[in-house]
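Examination of the molecular architecture
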Amino acid sequence: MTTAARRPTDIGTPIDRNLALELVRVTEGAAIAAARLMGRDRKEDADQAAVSSMRRSLGYVDMDGVVVIGEGEKDRAPMLYIGERVGNGSPPEVDVAVDPIDGTRLVARGIPGGITTVSLAERGSLYHTRVHYMEKLIVSQEARDVIDITAPVAANLRWVARALGRQVDDLTVVVLDRPRHQGLLEEIRAAGARVKLIMDGDVAAGLMAAMEHRTGIDVLMGIGGAPEAVLAACAVTCVGGGMQARLWLPDAESQEQAEREGKGGAAEVLTLQDLCSGANVFFAATGITDGELLEGVRFLEGNRCRTQSLVMRSYSGTIRYIDAEHSLDKLRLRQG
Ligand code: VTB
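None of these values were measured; they are calculated from a predicted model.

**What to know about the side chain of Asn156**
- Topologically, Asn156 is positioned in helix H4 (residues 153-164).
- Its relative accessible area of 3% is what places Asn156 among the buried residues.
- In terms of polar contacts, Asn156 uses its side chain to reach the backbone carbonyl oxygen of Ala151, at 3.3 Å.

**Thoughts on a negative patch on the surface**
- Judged by side-chain charge, Asp251, Glu253, Glu256 and Glu259 come together as a negatively charged surface patch.
- Note on placement: Glu253 falls in helix H9 (residues 252-260).

**A closer look at the site of the ligand**
- Taken together, the neighbourhood of the ligand is formed by Asp102, Gly103, Tyr133, Leu176, Arg178, Arg180, Asp200, Gly201, Asp202, Gly224, Gly225 and Glu228.
- Between Gly225 and the ligand, the recorded distance is 2.8 Å, taken from a backbone N or O atom to an oxygen atom.
- In isolation the ligand offers 410 Å² of accessible surface; the protein chains occlude 76% of this area.
- Tallied by class, residues from the shell around the ligand come to two nonpolar, four polar and six charged.

**A short note on the layout of surface pockets**
- Approximately 1500 Å³ is the volume found for the largest pocket.
- Looking at the largest pocket, it is lined by 50 residues, and the ones nearest its centre are Gly70, Glu71, His132, Pro227 and Glu228.

**Regarding the environment of Ala50**
- Relative to the assigned elements, Ala50 resides in helix H2 (residues 43-58).
- Other than its neighbours up to four places away in sequence, Ala50 contacts Ala30, Ala33, Ala34, Pro100 and Ile101.

**Things to note about the pairing of strand E14 (residues 318-327)**
- For strand E13 (residues 304-313) and E14, the ladder comprises 10 bridges, and the chain directions are antiparallel. Among the inter-strand pairings, Thr307 is bridged to a residue of E14, identified as Ala324.
- Taking the residues between adjacent antiparallel strands as the criterion, E13 and E14 are bridged by four residues, where Gly317 takes a positive phi near 75°.

**Describing the sheet that holds strand E8 (residues 219-225)**
- Spatially, six strands are ordered E7-E6-E8-E5-E9-E10 in an open sheet, and the strand pairing comes out mixed. On the outer flanks of this sheet lie strand E7 (194-198) and strand E10 (270-271), each paired with one strand and no other.
- Seen against the sheet, H4 touches strand E5 (133-139), strand E6 (172-176) and E8 and runs at an angle of roughly 135° to E8.
- Sitting on the sheet, helix H5 (residues 182-191) is in contact with E6, E7 and E8, with an inclination near 150° to E7.

**Remarks on the domain arrangement of the protein chain**
- Per the domain assignment, the segments making up the protein chain are domain 1 (3-125 + 281-335) and domain 2 (133-275).
- Tallying the contact residues gives 30 residues for domain 1 and 27 residues for domain 2.
- Where domain 1 abuts domain 2, roughly 2400 Å² becomes buried across the two surfaces, and 67% of that area is made up of carbon and sulfur atoms.
- One can count two salt bridges joining domain 1 with domain 2.
- Between Asp200 and Arg105 there is a salt bridge, and its shortest N-O distance comes to 2.9 Å.
- Counting across the domain 1 and domain 2 interface gives five residue pairs in polar contact (both at pLDDT 80 or more).
- Looking at the side of domain 1 that touches domain 2, the elements with two or more residues in it are strand E3 (93-102), helix H3 (104-109), strand E4 (115-122), E13 and E14.
- Class assignment for the residues of the side of domain 1 that touches domain 2 results in 16 nonpolar, seven polar and seven charged.

**Description of the pairing of E7**
- Pairing between E6 and E7: five bridges, direction parallel. Bridged to Val173 within E7 is Val195.

**Re empty space enclosed by the protein**
- What the rule picks out here adds up to one cavity of 30 Å³ or more.
- In this structure, the largest cavity occupies an estimated 40 Å³ of space.
- Lining of the largest cavity is provided by Val175, Leu176, His181, Asp202, Leu220, Met221, Gly222, Ile223 and Gly224.
- Mapped by element, the contributors of at least two residues to the lining of the largest cavity are E6 and E8.

**A short note on the packing of aromatic side chains**
- Under the counting rule described, the total for this entry stands at one aromatic pair.
- Measuring from centroid to centroid gives 5.6 Å for Tyr133 and Trp248, while their planes differ by 85°, and the two rings are edge-to-face. Within this pair, whereas Tyr133 is found in strand E5, its partner Trp248 is found in the loop between strand E9 (242-247) and H9, the two being separated by 115 residues in sequence.

**Concerning helix H1 (residues 18-35)**
- Between its first and last C-alpha atoms H1 spans 26 Å; for 18 residues at 1.5 Å apiece the expected length is 26 Å, and the two agree.
- When you tally the buried positions in H1, you get 13 out of 18 residues, the bulk of the element.

Reading the values: the criteria
Residues numbered from 1 in each chain as written. Predicted model: local features only at pLDDT ≥ 70, side-chain atom pairs only at ≥ 80, totals over all residues. Heavy atoms only, no water. Helix = DSSP H or I, 4+ residues; strand = E, 2+ residues; numbered from the N terminus. Buried < 20%, exposed > 50% of the residue type's maximum accessible area, 1.4 Å probe, protein only. Polar contact = N/O pair within 3.5 Å; in protein donor to acceptor, adjacent residues only side chain to side chain. Patch = residues over 30% accessible without salt bridge, like charges linked within 9 Å, V, L, I, M, F, W, Y side chains within 5 Å. Areas by Shrake-Rupley, 256 points an atom, 1.4 Å probe, with all protein chains shown as cover. Salt bridge = Lys/Arg side-chain N within 4 Å of Asp/Glu carboxyl O. Lys, Arg positive; Asp, Glu negative; His and termini not counted. Charge placed at Lys NZ, Arg CZ, Asp CG, Glu CD. Near = heavy atom within 4 Å. Nonpolar A, V, L, I, M, F, W, Y, C, P; charged D, E, K, R; others polar. 1 Å grid on protein atoms, 1.4 Å probe; cavity = no way out; pocket = protein on both sides within 12 Å on 5 of 7 lines; lining within 4 Å. Points joined across faces, edges and corners; volume = space filled by probe spheres on them. Contact = heavy atoms within 4.5 Å. Pairing = 2+ DSSP bridges. Axes fitted to C-alpha atoms, helices over the stretch in contact; angles between N-to-C directions. Domains from an automatic or database assignment. Buried area = accessible area lost by both parts, 1.4 Å probe. Phe/Tyr/Trp six-rings, centres within 6.5 Å; stacked < 30°, edge-to-face > 60°. Expected span 1.5 Å × (residues − 1).

Laid out in structure tokens, this is it:
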């Protein structure tokens, strides 16, 4: 199974590149709001702070956006619910995917790896499901054409190692630390690869796997959130990596949900194109707690703070790291 490479003729009309910087403002604000609650053991409050900030600042962005990945259905989520219109209503028409905190537990405990992230792409181009989980396989550009999520773990690791010019023992596979991954971990270890377990945050981990040459993570494997899979797919598209996924349907409820949506079931392979078919994909993320991908928010003297963000645009292939210093007094005045 291969991930079709986009040819220059497929890339459509560019969406205004300034949107990339607009999105960084959104994630910076959400990260600062959430970071105030780092380690306070108040998951919901941290999430709420990030959501409120993100929703307010999305309102200023020049776009006619619809939330396709958000905080959930309207009844359970008053803000950034799926179907909510965001942006100031002017073109372009886009799908918006948000994860105000990927790793709320990490932020609530002050553990590395909590980020805030938002993506957008042309209207109708992001995969949508109410199924909660997906099985994911993410690799970098060099290995993107050799993966096959339907093949055994050991075979995939062999193919990836060959594509990267290394041995399987040299590979590092990142996996969410969950009981459901016991069998997967046994297979990875039997194949001889190294493992990096993470508590949460598989959007950042997926992006790191897709950016292999910079991060020391070569592959992401295992079952995580479906919304996080779509956000990761946006990021993977921007860096040109490879990804495949499948819905994880372990019980009758999830199977019925997939059926109601007319989805192909647990066996259907979702390619990167299926998850994110846009040719104009934007992805922005800001660190909340310090992490391997991004530094967390640092509060400084003079009521200032520093953030580190990443913003990418698939159309141009640009990856920008943005370090910013903010005046919290002025931020508060503007938001008051
Ligand atoms: C992952 C992880 C997220 O959800 O997708 C995970 O990246 C999957 O769900 O940060 P379970 O925790 O139920 O295994 C998160 O932990 C956030 O919800």
